[in-house]
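# Residue-level structural notes
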Amino acid sequence: MKIIFCVVAVLLLIQLIPVDRTNVPVDPAADFVKLTGAPAEVTAVLKRSCYDCHSNETVYPQYAYIAPFSWSVKHHVNKGRKHVNFSQWAAYNKEQKQGILEKTVHVLEDRKMPLPVYISYHEEAALTPADRKMLADYFKSLADSKEK
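### Digging into the overall build of the protein chain
When you go through the protein chain residue by residue, the secondary structure sums to 7 helices and 0 strands. Going residue by residue from the N terminus, the α and β elements of the protein chain occur as α-α-α-α-α-α-α. For the protein chain, the spread of C-alpha atoms along the principal axes amounts to about 65 × 30 × 25 Å. Relative to its 148 residues, the protein chain shows a buried fraction of 39%. Partitioning the contacts of the protein chain with sequence separation of at least 6, the portion at a separation of at least 24 is 72%.

### Examining the packing of helix α5 (residues 94-109) against helix α7 (residues 129-144)
Where α5 meets α7, the axes come as close as 9 Å, and the angle between the chain directions of the two elements is 160°. The angle between α5 and α7 places the two elements in the roughly antiparallel class. Like other packed secondary-structure pairs, α5 and α7 cross with a definite hand, here left-handed. The segment α5 lies against α7, with Q98, L101, E102, T104, V105, V107, L108 and E109 engaging R132, L135, A136, F139, K140, L142 and A143.

### Section: the packing of aromatic side chains
Scanning the model with the defined rule gives 10 aromatic pairs in all. Through a chain of ring-to-ring contacts, three or more aromatic side chains come together here, namely F32, Y51, F86, W89, Y92, Y138 and F139.

### Observations regarding the layout of surface pockets
A volume near 650 Å³ is recorded for the largest pocket. Elements supplying a minimum of two residues to the lining of the largest pocket: α3 (40-49), α4 (69-83), α5 and α7. A per-element tally of the lining of the largest pocket places α5 first, with 6 residues. Tallied by class, residues from the lining of the largest pocket come to 15 nonpolar, 8 polar and 4 charged. By volume, the second largest pocket amounts to about 290 Å³. Lining the second largest pocket are 17 residues, with Y63, S72, V73, H76 and Y118 sitting closest to its centre. Contributions of two or more residues to the lining of the second largest pocket are made by α4 and α6 (116-121). With 5 residues, the top contributor of residues to the lining of the second largest pocket is α4.

### Considerations on the pattern of salt bridges
Using the criterion set out here, one finds 4 salt bridges in the structure. For K47, the salt bridge identified is with E57, shortest N-O distance 3.3 Å. Of the two residues, K47 is situated in helix α3 and E57 in the loop between α3 and α4; the sequence distance between them amounts to 10 residues. Judged by its relative accessible area of 29%, E57 is partly exposed. The salt bridge involving K140 is made with E109; its shortest N-O contact spans 3.0 Å. Here K140 is found in helix α7, whereas its partner E109 is found in helix α5, with 31 residues between them in sequence. Given the relative accessible area of 43%, E109 is considered partly exposed.

### Remarks on the environment of E57
Sequence separation of E57 and S87 is 30 residues, and the distance between their C-alpha atoms is 7.7 Å. Contacts of E57, omitting those with residues within four sequence positions, involve N23, V26, D31, K47, Y51, D52 and S87. Only 3.3 Å separates the side chain of E57 from the side chain of K47, close enough to count as a polar contact.

Criteria and cut-off values
- Numbering of residues starts from 1 in each chain and follows the order in which that chain's sequence is written.
- Reporting of local features is limited, given that this is a predicted model, to residues whose pLDDT is at least 70; pairs of side-chain atoms are given and counted only at 80 or more, and all residues count toward the totals for whole chains, interfaces and linings.
- Hydrogens and waters are ignored; side-chain quantities use all the structure's heavy atoms.
- Numbering of helices and strands starts at the N terminus; helices are DSSP runs of H or I of at least 4 residues and strands are runs of E of at least 2.
- Working definition: with a 1.4 Å probe on protein chains only, accessible area under 20% of the residue-type maximum means buried, over 50% means exposed, and in between means partly exposed.
- Here a residue-residue contact requires only that any non-hydrogen atoms of the pair lie within 4.5 Å.
- Every axis corresponds to a line fitted to the C-alpha atoms, with the helix fit spanning only the stretch in contact, and the corresponding angles, defined between N-to-C directions, vary from 0 to 180 degrees.
- Our angle categories are set so that under 35 degrees counts as roughly parallel, over 145 as roughly antiparallel, 65 to 115 as roughly perpendicular, and the remainder as oblique.
- Whether a crossing is left-handed or right-handed is set by the direction in which the near helix is turned from the far one by less than a right angle, anticlockwise for left-handed and clockwise for right-handed.
- Each pair of aromatic rings taken from Phe, Tyr and Trp, with Trp reduced to its six-membered ring, is defined by centres within 6.5 Å and is described as stacked if the planes are under 30 degrees apart, edge-to-face if over 60, and tilted in the remaining cases.
- Method remark: on a 1 Å grid restricted to protein atoms, a set of points is classed as a cavity if a 1.4 Å probe fits but cannot get out and as a pocket if it is open with protein on both sides within 12 Å along at least five of seven lines; lining residues have an atom within 4 Å of a point.
- Grid points are joined across faces, edges and corners, and a volume is the space filled by probe spheres set on the points.
- Throughout, the ten residues Ala, Val, Leu, Ile, Met, Phe, Trp, Tyr, Cys and Pro are labelled nonpolar, Asp, Glu, Lys and Arg are labelled charged, and all others, Gly among them, are labelled polar.
- Here, a salt bridge means any side-chain nitrogen of Lys or Arg that lies within 4 Å of a carboxyl oxygen of Asp or Glu.
- Any N or O atom pair separated by 3.5 Å or less is treated as a polar contact, with the protein-specific requirement of one donor-capable and one acceptor-capable atom, and with residues adjacent in sequence counted only for side-chain atom pairs.

Take a look at the structure:
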């Protein structure tokens, strides 16, 4: 009985550890879809499947407010934004943009994103083969163009 009490006490206490879920205000003029003139279908797929972790437009689900899940969600969002933050596309230089575009094509083709654990909680984020091809083709076209 003491073990159960201790486990419950720890679970309750860890709820007091704050997790910052504040999104940085988005400047639409610096956003990837605006700057690249992304077609509506590309924008829709990016917003549905990528922007929760790779932008400042993260929508935190209810389980993201319960420790220790909140820690994992925040870690994944921070890591995703570190790799690419579509809300801050204007801040990247040409070399960074080129690298991100090329890496994103590989990630899409290798089916590494979205993460399976994310899809298990957000089925709507799953990419169909057609979605993957459309996004990869769009990123390739940007990588091959002179303007990014």
